[in-house]
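# Breakdown of the fold
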Amino acid sequence: MQEMMTLLSNYNVPAAFWVNVQLTLWSALFSLILGVILVMMRISPVGSLRGFAVAFVEFFKNMPLTIIMVFMLLGVFVQLRFQFSSTFSTNFYWLAITGLSLYTSAFVCESLRSGINTVPLGQAEAARSLGLSFFQTAGLIILPQAFRGSVAPLGNTLIALLKNSTVAAAASVATETSTLMKTMIEYNASMIIAVFLIFAIGYVILIIPIGLLTTWLSNKLAVRR
Amino acid sequence: MTSASEKVVSEGVASSKPLVELDHVEKYYGELHVLKDINLEVKKGEVLVIIGPSGSGKSTLCRTINRLELINSGEIRIDGKPLPQEGKELTKLRAEVGMVFQSFNLFAHKSILDNVTLAPRKVLGLSKDQAEKEAMELLARVGVDSQANKLPAQLSGGQQQRVAIARSLAMHPKVMLFDEPTSALDPEMITEVLDVMVDLAKEGMTMVVVTHEMGFARQAADRVVFMADGQILEQGTPAEFFDHTKTERAKDFLGKILAH
């Protein structure tokens, strides 16, 4: 306990966690948008759009996140010379968010698709037979019910995203938790248990409320049939 | 009732102009030949009842009319125009053809009132007030106006199906398709739905009804079509069909249905 207090006063641990939370929030936003677009492509009547969405999702779902992150750094930045900002740290930060968003959007798409599977086909048939267009049917009837049916898997995806945000280290985001943890262990090898505990407890404090919230929301929003 | 149905009435029940025409329609599910050379005309104001054993293709036939099922060959025309492919044209056509399903298919996340107002607002562009006013009139007509703010799951099956009919009527359809509207209902709720349908028939709505309710067929149908194995085997007025059944297949079917 004493060791943990010493470590906490010597290092700015909350600031590192704040970087991970920011990475998570931005990536959650972008991956949600991209995931919705992907899932609409997957249920669209156009074969080529469905094919593209399947290929995209399968690619990013099966690709290790570390490889995506390293590719963002060495491929997109170093080779392709694409950069968000001339400031190195800002550039790495947004490259990491891009990588996380691409990776997570595949899982958001899959979560939403599991939600869409809870919506009976008759709902779409009724909507179409009333004269609603594909986008009206998707946006007003299918997706709202799918969201309510996929709160739990979306919550799990968010939790995974928060933990995955530590992989941003692979894209040279140097201020986040796993990098700070490495530094702390390097300079305080004798207090390694305390260092581990600080970060373990930190993530538990962040993740347990997400789990509780999504369970509560999932029950509250469930569509009764 | 609304101006649309009054218009239909004023043009005369069962006038000679065909509203729905099916020309040599063929449909396969893989190897299975589910619709075999179907030729059928439904006149304006006519109530056509399709009966037949399960798997005879009668539901499929009903669903091809608003293109929920695609056909392999032949042609279907609504009001003289061939059924469009996907896109805006098809959307427009579907808005003019009402459909009532066996499993009601009310939008589970929307209130009863929102279920009825959604399409008039989004497809016809009615204002919220206008759509709600019409919806309440329709709900009152089918006797569920007191449930307007509830969710579908809070209503009985009979009430849900009456809401589904009101939802279709809100689009002022030219023709209404009923795909076994009472087959998922408890016996005591069948009458309340059939009563609404009989009223609609009397007001001159053009209707295509797939059903096992022989009482409804006798009472409300202008014409009964008997299907088996994807073919139309026999058709005629209810009196002709029920009292002077021609084909063995239909006699056999009616014998089984009316035995108890």
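My aim in this report is to walk through the structure given alongside it, one point at a time. Bear in mind that the values here come from a model prediction, so they are computed numbers and not experimental data. (Residues numbered from 1 in each chain as written. Chains lettered and ligands numbered in written order. Predicted model: local features only at pLDDT ≥ 70, side-chain atom pairs only at ≥ 80, totals over all residues. Heavy atoms only, no water.)

### Examining the nonpolar core
- One finds L23 of chain A together with V20, L22, I38, I50, L61 and L177 of chain B to be the most contacted residues of the largest nonpolar core, which totals 80 residues.
- If one sorts the elements of this core by residue count, helix α5 (residues 88-116) of chain A sits on top with 12 residues.
- With residues near it in sequence (within four places) discarded, L23 of chain A still touches Y93, A96, I97, L100, S165 and A168 of chain A.
- Core analysis: the second largest hydrophobic core is formed by 50 residues, L155, V193, V196 and A221 of chain B among them. (Core = buried A, V, L, I, M, F, W, Y, C linked by side-chain atoms within 4.5 Å. Buried < 20%, exposed > 50% of the residue type's maximum accessible area, 1.4 Å probe, protein only. Helix = DSSP H or I, 4+ residues; strand = E, 2+ residues; numbered from the N terminus. Contact = heavy atoms within 4.5 Å.)

### Structural notes on the sheet that holds strand β10 (residues 231-236) of chain B
Residue and element names in this part refer to chain B.
- Strand order in the open sheet formed by 6 strands is β6-β7-β8-β3-β9-β10, and the pairing between neighbours is mixed. Every other strand in the sheet has two partners, leaving β6 (97-100) and β10 as the edge strands with one partner each. The sheet shows a mean angle of 20 degrees between the axes of neighbouring strands, direction not considered.
- The sheet strands contacting helix α10 (residues 248-258) are β3 (47-51), β9 (223-228) and β10, and the helix crosses β9 at an angle near 100 degrees. (Pairing = 2+ DSSP bridges. Axes fitted to C-alpha atoms, helices over the stretch in contact; angles between N-to-C directions.)

### Focus on α5 of chain A
- For α5 of chain A, which comprises 29 residues, the first-to-last C-alpha distance of 41 Å matches the rise-based estimate of 42 Å (1.5 Å per residue) to within 8%.
- Roughly 25 degrees is the biggest bend found in α5 of chain A, and it falls at T104 of chain A. (Expected span 1.5 Å × (residues − 1). Bend = angle between axes of the 7 residues up to and from the residue.)

### Concerning the sheet that holds strand β2 (residues 32-43) of chain B
All names here are of chain B.
- Spatial ordering of the open sheet is given by β2-β1-β4-β5, a layout of 4 strands whose pairing is antiparallel. This sheet does not close on itself; its edge strands, each paired only once, are β2 and β5 (81-82).
- With 8 bridges connecting them, strand β1 (residues 18-29) and β2 associate as antiparallel partners. Of the residues in β2, the one forming a bridge with K27 is L35.

### Some thoughts on the environment of N219 of chain A
- By secondary structure assignment, the location of N219 of chain A is in helix α10 (residues 192-221).
- Along the primary structure N219 of chain A and G149 of chain A are separated by 70 residues, whereas in three dimensions their C-alpha atoms are 9.4 Å apart.

### Concerning the packing of α5 of chain A against helix α8 (residues 151-164) of chain A
Residues and elements named next belong to chain A.
- As a packed pair, α5 and α8 sit with axes 9 Å apart at the nearest point and diverge in direction by 165 degrees. By the angle class used here, α5 and α8 are roughly antiparallel. Handedness of the crossing formed by α5 with α8: right-handed. Where α5 abuts α8, its residues L100, Y103, T104, F107, V108, S111, L112 and S114 lie against P153, L154, T157, L161 and N164.
- Looking at side-chain class alone, the contact of α5 with α8 contains 8 nonpolar, 5 polar and no charged residues. (Parallel < 35°, antiparallel > 145°, perpendicular 65-115°, else oblique. Left-handed = near helix turned anticlockwise from the far one by under 90°. Nonpolar A, V, L, I, M, F, W, Y, C, P; charged D, E, K, R; others polar.)

### Regarding the pattern of salt bridges
- Summed over all chains, the structure comprises 22 salt bridges over all chains.
- Linking E46 of chain B and R223 of chain B is a salt bridge whose minimum nitrogen-to-oxygen distance equals 2.9 Å. Separated by 177 residues along the polypeptide, E46 of chain B in the loop between β2 and β3 and R223 of chain B in strand β9 bring together distant segments of the chain. Each member of the pair, E46 of chain B together with R223 of chain B, is buried.
- Within this structure, R42, E58, K61, E110 and R113 of chain A form a network of salt bridges that share partners. (Salt bridge = Lys/Arg side-chain N within 4 Å of Asp/Glu carboxyl O.)

### What to know about a nonpolar patch on the surface
- Taken together, I192, I193, F196, L197, I201 and I205 of chain A make up a surface patch of nonpolar side chains, about 560 Å² in accessible area.
- As for its position among the elements, I201 of chain A is in helix α10. (Patch = residues over 30% accessible without salt bridge, like charges linked within 9 Å, V, L, I, M, F, W, Y side chains within 5 Å. Areas by Shrake-Rupley, 256 points an atom, 1.4 Å probe, with all protein chains shown as cover.)

### Digging into the interface of chain B and chain A
- Of the residues lining the interface, 26 residues belong to chain B; the matching set on chain A comes to 20 residues.
- Summing both partners gives a buried area of about 2,000 Å² for chain B against chain A, and 62% of it is carried by carbon and sulfur.
- Between chain B and chain A we count 1 salt bridge in total.
- Here R63 of chain B and E125 of chain A are joined by a salt bridge, their closest N and O atoms 2.6 Å apart. (Buried area = accessible area lost by both parts, 1.4 Å probe.)

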